[in-house]
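The primary structure of each chain is shown beneath.
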Amino acid sequence: MSEVLLSVENLEAWYGDAKVLHGLSFQLKQGEVLALIGSNGAGKSTLLKCICGLLQKKTGRVSFKNEVITSFVANDIVAKGIALVPEGRKLFPSLSVEENLILGGNVGRKGPWSLSAIYNLFPILKEKRNAPSTSLSGGQQQMVAIGRGLMSNPDLILLDELSLGLAPIVIKDIYDMLPKIIGNGLTAILVEQDVTRALASSQQFLCIQEGRISLGGAPKAFTKDQISAAYFGM
Amino acid sequence: MIWVNIIIQGILVGGLYALFAAGLSLIFGVMRLVNIAHGDFIVAAAFLAWVVVQATGLNPLFSLIVVVPLAMAFGYALQKWILNRTLGKDILPPLLVTFGLSIILQNGLLAVFTADSRKLNAGVVETASFPLLPDVAIGYLPLLQFIVAVAVIWGLQYLFYNTALGRAFRATSDDSETALLMGLDQRKVYAWAMALCMGVVAIAGVFLGVRSNFDPFMGPGRLIFGFEAVIIGGLGNLWGTLIGGVILGVSQAIGAQINPGWQVLAGHLVFLLVLAIRPKGLFPRIEG
Amino acid sequence: MITRSTPASRIAAVMAVLLFVALLAAPWWGATSTLRLLGEFMVYLALASLWNLLAGYTGLVSVGQQAFVGLGGYILVALAMFMDLHPLIAVPIAGFVAVLIALPVGKLVFRLQGAYFAIGTWVVAEVFRLVAAQVTIMGGGSGISLPATVLKTMAETKFWREAMIYWLALALGFGALALVYGLLRSRIGLALTAIRDSEIASSSLGIKIERVKYAVYVAVAGMTAMVGSLISLQKIRVSPDAAFSVNDWTAFVIFIVVIGGIGTIEGPIIGTIIYFLLREFLADLGSIYLMILGVLAIIIMLVAPKGIWGFIARRWNVSLFPTGYRVHIKD
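**A look at the sheet that holds strand β2 (residues 18-29) of chain A**
In sheet architecture, strand pairing relies on hydrogen bonds along the backbone and comes in two forms, parallel and antiparallel.
Residue and element names in this part refer to chain A.
Thinking step 1. Spatial ordering of the open sheet is given by β2-β1-β4-β5, a layout of 4 strands whose pairing is antiparallel. Edge strands, defined here as strands with exactly one partner in the open sheet, are β2 and β5 (67-68).
Thinking step 2. Taken together, the 6 bridges between strand β1 (residues 4-15) and strand β4 (residues 58-64) define a ladder with antiparallel strand orientation. Within β4, the residue paired with S7 across the bridge is S63.

**What about the sheet that holds strand β8 (residues 187-191) of chain A?**
All names here are of chain A.
Thinking step 1. Pairing is mixed across the open sheet formed by 6 strands, whose spatial order is β6-β7-β8-β3-β9-β10. At either margin of the open sheet sits one strand with a lone partner, and together these are β6 (82-85) and β10 (212-217). If you compare each strand with its neighbour and ignore which way they point, the axes differ by 15° on average.
Thinking step 2. Across 4 bridges, strand β3 (residues 33-37) lies against β8 in parallel orientation. Within the sheet, the bridge partner assigned to L36 lies in β8 and is V191.
Thinking step 3. Here helix α6 (residues 138-150) sits on the sheet and contacts β6 and β7 (156-160); the angle it forms with β6, its principal contact strand, is near 170°.
Thinking step 4. Taken strand by strand, helix α9 (residues 224-232) contacts β3, β9 (204-209) and β10, and its axis lies near 35° from that of β9.

**Some remarks on the environment of L285(C)**
Thinking step 1. When you line up the elements, L285(C) lands in the loop between α14 (266-282) and α15 (287-303).
Thinking step 2. Note on L285(C): relative accessible area 43%, which makes it partly exposed.

**Side note on the interface of chain C and chain B**
Thinking step 1. Counting residues at the interface gives 37 residues for chain C and 42 residues for chain B.
Thinking step 2. Of the roughly 3500 Å² buried between chain C and chain B on both sides combined, carbon and sulfur atoms contribute 85%.
Thinking step 3. Applying the counting rule to chain C against chain B returns 4 residue pairs in polar contact (both at pLDDT 80 or more).
Thinking step 4. Here the side of chain C that touches chain B gets 14 residues from one element, more than from any other, and that element is helix α6 (residues 114-134) of chain C.
Thinking step 5. Tallied by class, the residues present in the side of chain C that touches chain B amount to 28 nonpolar, 7 polar and 2 charged.

**A few points about the arrangement of the chains**
Thinking step 1. No other pair among the 2 pairs of chains in contact exceeds the contact count of chains B and C.
Thinking step 2. The two partners chain A and chain C share no contact, and the minimum distance between any of their C-alpha atoms is 16 Å.

**What about the interface of chain B and chain A?**
Thinking step 1. Of the residues lining the interface, 15 residues belong to chain B; the matching set on chain A comes to 19 residues.
Thinking step 2. Here chain B meets chain A over a buried area of about 1700 Å², counting both sides, of which 62% is carbon and sulfur.
Thinking step 3. Where chain B touches chain A, the interface holds 1 salt bridge.
Thinking step 4. Residues R170(B) and E99(A) are paired through a salt bridge, measuring 2.6 Å at the closest nitrogen-oxygen approach.

**Describing the pattern of salt bridges**
Residue and element names in this part refer to chain A.
Thinking step 1. Within the structure shown, the criterion is met by 16 salt bridges over all chains.
Thinking step 2. The salt bridge involving K57 is made with D17; its shortest N-O contact spans 4.0 Å. Linking K57 in the loop between α1 (44-52) and β4 with D17 in the loop between β1 and β2, this pair joins segments that are 40 residues apart in sequence.
Thinking step 3. Residues joined in a network through salt bridges with shared partners are K65, R109 and D155.

Reading the values: the criteria
- Residues numbered from 1 in each chain as written.
- Chains lettered and ligands numbered in written order.
- Predicted model: local features only at pLDDT ≥ 70, side-chain atom pairs only at ≥ 80, totals over all residues.
- Heavy atoms only, no water.
- Pairing = 2+ DSSP bridges.
- Helix = DSSP H or I, 4+ residues; strand = E, 2+ residues; numbered from the N terminus.
- Axes fitted to C-alpha atoms, helices over the stretch in contact; angles between N-to-C directions.
- Contact = heavy atoms within 4.5 Å.
- Buried < 20%, exposed > 50% of the residue type's maximum accessible area, 1.4 Å probe, protein only.
- Buried area = accessible area lost by both parts, 1.4 Å probe.
- Polar contact = N/O pair within 3.5 Å; in protein donor to acceptor, adjacent residues only side chain to side chain.
- Nonpolar A, V, L, I, M, F, W, Y, C, P; charged D, E, K, R; others polar.
- Salt bridge = Lys/Arg side-chain N within 4 Å of Asp/Glu carboxyl O.

As structure tokens, this is what we get:
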């Protein structure tokens with residue numbers, strides 16, 4: 001049996017006075033890929049923000065590698081080994097491609113990922129290493145964002161809406177790379193609008209609806225109708 | 001030839017104004033903070049150098065070895081303990097807190113050092129000069145001051161674009177939340193930026209004190225000169241700031257030549273003129 | 001039930017009327033020194049209310065209001081000396097001229113944002129001061145005193161002169177308060193509150209933010225110049241360094257507003273009272289006193305950004321000058 005890497009218990013979170021998560025609990029084992037599905041505004045990105053420490057207004061308990069990290073701030077959590085590839089990529093426009101990647105490795109964790117490993121994975125980035133990050137195409141920017149996340153050599157990577165704003169062919173390319181990205185036993189949480197693609201890429205899934213878990217487990221254990229019922233709240 | 005001389009001396013003084021401005025420019029670039037007490041810190045650094053010179057008998061230019069690290073440590077602490085608490089969407093708190101600091105500094109210096117004006121004596125370098133053209137002599141001190149200004153701006157530019165700290169500055173300035181995901185604590189990044197700013201302030205203060213008399217109430221004037229250099233040169237462009245300082249220095253020199261009462265006024269008017277015709281400054285940063 | 005007035009505000013209105021009558025009669029019950037102190041109090045009350053309107057409600061943090069204080073003073077002295085105008089008539093003219101000057105100046109400084117706006121206004125004030133020092137007919141750098149003959153035109157006896165200057169101060173002090181209060185209750189007030197609370201929201205509401213801000217800036221400049229012309233009457237002289245003093249007419253004013261409560265109408269009143277009390281007891285300390293003011297302002301800004309009145313208002317939910325509507329739920 002593989003070990004539990006991340007454990008979330010009774011997590012509640014607020015944006016200002018609005019409660020957006022209502023008591024979520026789940027566990028993620030070492031090496032698993034978990035897909036988070038749910039309609040817009042269901043709370044998927046909020047959950048990721050809670051895990052990586054960007055959202056402070058929360059109660060409940062988040063443990064990572066048997067350490068309670070609920071109250072940790074984002075800059076400490078990344079040093080513990082959780083990286084977020086944020087929705088909308090959020091590259092630093094003043095930094096070149098290479099500088100964005102180097103900054104990803106700022107916390108100095110040891111592991112398989114280095115600048116040259118990222119360039120092997122995405123050769124186009126090596127060509128454009130000195131270009132301003134925002135001069136790249138959407139797909140290339142997404143590669144930078146993924147590479148930047150990997151550079152911290154995380155134990156858990158949170159991938160938020162990788163396909164947002166990208167052309168279908170580019171999305172396919174990125175997902176084809178996914179096994180390489182999370183190949184070395186890396187644990188991942190994947191937020192994705194495209195349910196079919198999300199379920200195909202994962203061993204576990206959680207469907208979130210209005211801040212609550214409406215269904216969860218192995219994708220194969222449920223029929224398509226059961227999952228879409230959970231998704232749409234029927 | 002008299003005008004050539006005036007312009008050259010103005011350019012050299014512009015180096016000092018660029019030193020006043022460089023710290024302001026840096027802080028604004030990293031955290032959008034405008035420190036109203038900036039000029040008072042420059043004057044305080046001059047007084048600190050004066051104390052060091054009195055205590056050790058060092059040449060003021062060598063007192064920088066002591067004054068710069070002290071100023072940097074102070075800047076780090078100031079940002080960490082006070083200014084970081086004022087940062088946010090509202091511009092009032094940082095503005096009013098630094099305004100309060102300005103009053104505290106001026107009156108603190110007055111209480112300790114009285115209103116007497118003082119000067120740092122750097123010895124022969126102050127009066128020595130070499131002839132460049134007939135009737136145009138370049139003083140070693142103004143030249144040194146200008147070279148130091150260029151070196152400081154080059155150094156800041158290098159640091160900004162070629163070091164890990166500079167990367168942290170730019171990333172935090174772009175998007176402090178995403179920078180957190182890279183393990184960059186903005187409060188620490190800001191504290192380092194203020195430390196660096198105060199290091200430059202210390203250099204500016206020592207050159208101010210060597211060049212002319214100073215007293216506790218000179219700060220606001222230095223803030224305004226620095227600010228004008230920043231705006232004339234264009235926000236977010238350090239080399240522009242140097243040129244802004246030079247333009248200010250030359251304007252003042254020409255104004256003073258026409259009428260001694262117009263020296264400072266001429267600089268202000270050129271600043272307002274630039275604001276009227278090129279509100280983004282002469283060399284604004286090209287947006288990426 | 002939705003109301004604007006509150007029990008506290010009704011009591012405050014009655015008190016204000018009584019206070020105003022008492023103050024109006026001050027020339028008959030107070031000594032000259034009392035009149036002058038009250039007059040100075042009114043000057044700071046007016047300047048603080050105006051600066052608060054500018055910074056606290058429109059977010060225009062000016063450190064250069066001394067530009068208009070000095071301008072008003074110089075205009076009054078010039079009009080009285082060279083055109084034999086009655087000083088009381090010169091006051092509104094000073095305000096009008098300042099408005100005309102503020103129109104282009106405002107256009108210029110509005111090109112600067114936020115904190116840079118603050119320093120930009122300061123540069124303008126410095127320009128005014130340096131230009132004033134160049135005007136030899138007004139005494140150049142050392143300034144000029146109002147001739148006794150000019151004062152004689154105001155009133156024959158010292159009693160009536162002092163009384164008139166004092167009443168002018170009273171009118172401007174209460175006038176500034178009334179202006180701010182009236183403005184905030186009007187549609188412009190709603191727009192200002194919207195600006196303060198969210199620029200994006202109010203721009204989408206179709207409020208012409210920049211125009212409202214600009215109009216407020218110009219109006220405040222005119223009123224500030226009127227206060228400045230009053231100051232020149234109180235001091236019977238103008239000089240560049242005193243009339244355009246950043247410490248006297250802006251730094252102290254900022255402290256008053258910050259300590260009293262920025263963005264509240266009551267704040268400047270409380271702040272002015274505290275400022276005069278502090279000055280009464282601590283002014284002998286000289287520079288230490290000013291450092292205490294600075295420290296106090298910083299602590300308030302960090303701990304209670306809405307100042308003393310903000311603290312009181314939140315603690316007891318009171319409002320002496322209600323501008324918004326309140327909801328009362330009856331059981």
